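Reading the structure
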Amino acid sequence: TNIAHAYDVDKEGERYYLVMEYIEGHDLQRMVEDEGPLDCDRAVDYVRQAAEGLAHAHGRNMIHCDIKPDNLLLFPNNQLLLTDFGIAKDSDMSGLTSANSTVGTAAYMSPEQCRGERDLTPKSDLYALGIVFYELLTGRKPFTAENAMDMFIQHVSGTFERPARIVMDIPPWLDTLVCQLMEKKPEHR
């Protein structure tokens, strides 16, 4: 399923925690920091595995809400597992966790998350996956900002340089796919 196994949920004082399987390996964030942009085949393989994990979660009405390279872990055999459902949302229920506040990691949040919309759909995770894809292919994020509010504005109304303009050997179909995942309107993703 490309999702890390969770064994238990418990509470210590006011904090909940999740006990998950130990993964011998590293996350995609470290890989990009160490290696820079990945070749297209590797990036496509990792994003495909992440998408399979998301499809499994979405099929069970769960929206991850915090897709980012740090939450995509690789075993030494290059099997990818999606982790950290700490702020996940049940799409059958209204609102976000954390008392209906905007939660997530600013650099990877969908425009609808940035606006604080309550009824998120799996399309929010697809937007974040597009950001991850962009970063794997180019070695950088599509938007930069000095603070979370400026980053939110970039996600809602900013423009980015197409990946193929940064890395010339990205094929047009892949460039188009990444840009489509990062469409501002969920219905266009």
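In what follows, the structure referred to is the one given above.
Since this is a predicted model, take the numbers as computed values, not measurements. Positions within a chain are numbered from 1, following the residues in the order the chain's sequence is written. Residue-level local features of this predicted model are given only where pLDDT is at least 70; pairs of side-chain atoms are given and counted only at 80 or more, and the full residue set underlies all totals for whole chains, interfaces and linings. Hydrogens and waters are ignored; side-chain quantities use all the structure's heavy atoms.

Before going further, it helps to examine helix 8 (residues 172-181). Buried means the residue's accessible area, taken with a 1.4 Å probe over protein chains only, is under 20% of the maximum for its type, while exposed means over 50%, and partly exposed covers the values in between. A helix here means a DSSP run of H or I that spans at least four residues, while a strand means a run of E at least two residues long, and both kinds are numbered starting from the N terminus. Of all the residues in helix 8, the buried ones are Leu174, Asp175, Val178, Cys179 and Leu181. Summarising the axial view, the buried residues of helix 8 lie within an arc of 160 degrees, below the 170-degree limit, and thus occupy one face. Relative to its buried face, helix 8 has exposed residues pointing more than 90 degrees away, namely Pro172 and Trp173. Residue contacts are counted whenever heavy atoms from the two residues lie within 4.5 Å of one another. Residues of helix 8 that are buried make contact with helix 2 (40-58), helix 5 (122-138) and helix 7 (163-166). Each C-beta atom gives one direction from the helix axis, and the arc is the one those directions make.

Turning our attention to the side chain of Ser110. Relative to the helices and strands, Ser110 is located in the loop between helix 3 (97-100) and helix 4 (111-114). Exposure remark for Ser110: the relative accessible area of 0% places this residue in the buried category. Apart from residues lying up to four places away in sequence, Ser110 is in contact with Ser124, Tyr127 and Arg189.

What follows is about the pattern of salt bridges. Salt bridge, as applied in this entry: a Lys or Arg side-chain nitrogen positioned within 4 Å of an Asp or Glu carboxyl oxygen. Inspection of the entire model under this criterion finds 9 salt bridges. The shortest N-O distance in the salt bridge between Glu35 and Arg42 comes to 2.9 Å. The exposure class assigned to Glu35 is partly exposed, which follows from its relative accessible area of 45%. Across the salt bridge formed by Arg48 and Glu52, the nearest N and O atoms sit 2.8 Å from each other. Placement of both Arg48 and Glu52 in helix 2 is noted, with a separation of 4 residues, approximately one turn of the helix. One network of salt bridges, in which partners are shared, links Asp45, Arg48 and Glu52.

What follows covers the nonpolar core. Nonpolar side chains in soluble globular proteins tend to be buried together. Counting 41 residues, the largest nonpolar core has Leu28, Tyr46, Phe133, Leu136 and Leu137 as the members making the most contacts within it. Counting residues per element, the ones that place at least two in this core are helix 1 (28-35), helix 2, strand 5 (72-74), strand 6 (80-82), helix 5, helix 6 (148-157) and helix 8. The dominant element in this core, judged by the number of residues it contributes, is helix 5, at 9 residues. Residues contacting Leu28, with those up to four places away along its chain left out, are Tyr46, Pro69, Leu72, Leu74, Leu80 and Leu136. Among buried residues, the Ala, Val, Leu, Ile, Met, Phe, Trp, Tyr and Cys ones that are joined through side-chain atoms within 4.5 Å form a nonpolar core.

Here we take up the packing of aromatic side chains. Stacked, edge-to-face and tilted are the three classes for Phe, Tyr and Trp ring pairs, Trp counted by its six-membered ring, which pair at centre distances within 6.5 Å; planes under 30 degrees apart are stacked, over 60 edge-to-face, the rest tilted. Tallied over the entire structure, the rule returns 2 aromatic pairs. Ring geometry for Tyr134 and Phe160: centres 5.8 Å apart, planes at 90 degrees, overall edge-to-face. With Tyr134 in helix 5 and Phe160 in the loop between helix 6 and helix 7, the pair connects residues that are 26 residues apart, well separated along the chain. Taking the relative accessible area as the measure of exposure, Tyr134 reaches 1% and is therefore buried. Through pairs of rings, three or more aromatic residues link up here, namely Tyr134, Phe143 and Phe160.

Note that every value here comes from positions in space, so none of it alone points to a role or purpose.
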